[in-house]
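Next come the chains, spelled out residue by residue.
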Amino acid sequence: MLLQQPCPCGSGATYDACCGRMHRGAVAAATAEELMRSRYAAYAVGDLDYVFRTWHPRTRPDDLAPDPGLTWTGLRVTDAGADWVEFVASFTRAGAPGELREHSRFERRAGRWMYVDGDVD
Ligand SMILES: [Zn+2]
């Protein structure tokens, strides 16, 4: 991942100026939507440590394994509130395109936004 490439979250900014800042711990996500975008970008660049760190301890899995057959190809946030986000994430798996539609819920914990869980359509 080159820092000056467009951020995978689709913001139009460079990865370094967008979700890369959160992945390297320079800043924390200010809103649930920003956290959701940064978690998508973390999946896209393979930063599963960030995905784990931003997952609420109450609901997160014991460990996260990479899925080498899966490539994330785009994100569209379709709606968002203070503590929830609806989005469509595009991917290819073994060369075949697919989409994930999810309504995700977030909570602030010790001043930081964390992913709690989500309903997949
Ligand atoms: Zn981004």
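In this text the structure is predicted, and so the values were computed from the model without any measurement.

How each quantity is defined
Residues numbered from 1 in each chain as written. Predicted model: local features only at pLDDT ≥ 70, side-chain atom pairs only at ≥ 80, totals over all residues. Helix = DSSP H or I, 4+ residues; strand = E, 2+ residues; numbered from the N terminus. Buried ≥ 20, exposed ≤ 12 C-beta atoms within 10 Å, placed from the backbone. Core = buried A, V, L, I, M, F, W, Y, C linked by C-beta atoms within 7 Å. Contact = placed C-beta atoms within 7 Å. UniProt positions renumbered as here; feature names shortened; annotations may be inferred. Pairing = 2+ DSSP bridges. Axes fitted to C-alpha atoms, helices over the stretch in contact; angles between N-to-C directions.

## Comments concerning unusual backbone geometry
For residues other than glycine, phi is negative in most cases, and the peptide bonds are mostly trans. Despite not being glycine, Ala94 has its phi angle at roughly 50 degrees, a positive value. Note that Ala94 resides in the loop between β2 (84-93) and β3 (96-109). According to the C-beta neighbour criterion, Ala94 is exposed, with 7 such atoms within 10 Å. We note that Ala110 has phi near 50 degrees; this positive angle belongs to a residue other than glycine. Summarising the element assignment, Ala110 is placed in the loop between β3 and β4 (112-120). Owing to 5 C-beta atoms within 10 Å, Ala110 belongs among the exposed residues under this scheme.

## Brief notes about the nonpolar core
Core analysis: the biggest nonpolar cluster contains 24 residues, and Cys9, Cys19, Leu35, Tyr40 and Ala41 have the highest contact counts within it. Contributing elements (two or more residues each) for this core: α1 (19-23), α2 (32-45), β2 and β4. It is α2 that contributes the most residues to this core, eight residues altogether. The contacts of Cys9, once residues within four sequence positions are left out, are Cys18, Cys19, Arg37, Ser38, Tyr40, Ala41 and Leu75.

## So, the UniProt feature "domain: YchJ-like middle NTF2-like" (unreviewed entry) in the protein chain
The UniProt feature table records "domain: YchJ-like middle NTF2-like" (unreviewed entry) at residues 31-118. Helix makes up 23% of residues 31-118 and strand 48%. Its end C-alpha atoms lie 17 Å apart.

## Structural notes on the sheet that holds strand β1 (residues 70-80)
One open sheet holds the four strands; their spatial order is β1-β2-β3-β4, and the pairing between them is antiparallel. The two strands at the open ends of the sheet, each matched to only one other strand, are β1 and β4. Across this sheet, the average inter-strand angle for adjacent strands is 35 degrees, counted without regard to direction. Where α2 meets the sheet, its contacts fall on β1, β2, β3 and β4, and the angle it forms with β1 comes to roughly 170 degrees.

## Digging into the pairing of β3
On any regular strand, side chains alternate: one points to one face of the sheet, the next to the other face. Note that β2 and β3 share 10 bridges and pair antiparallel. For Phe91, the partnering residue across the bridge sits in β3 and is Gly98. What sits between the antiparallel neighbours β2 and β3 is a turn of two residues, in which Ala94 has the positive phi angle 50 degrees. Taken together, the eight bridges between β3 and β4 define a ladder with antiparallel strand orientation. When the bridges of β4 are listed, Phe106 appears paired with Tyr115. Connecting the antiparallel pair β3 and β4 is a turn made up of two residues, with Ala110 showing a positive phi of about 50 degrees.

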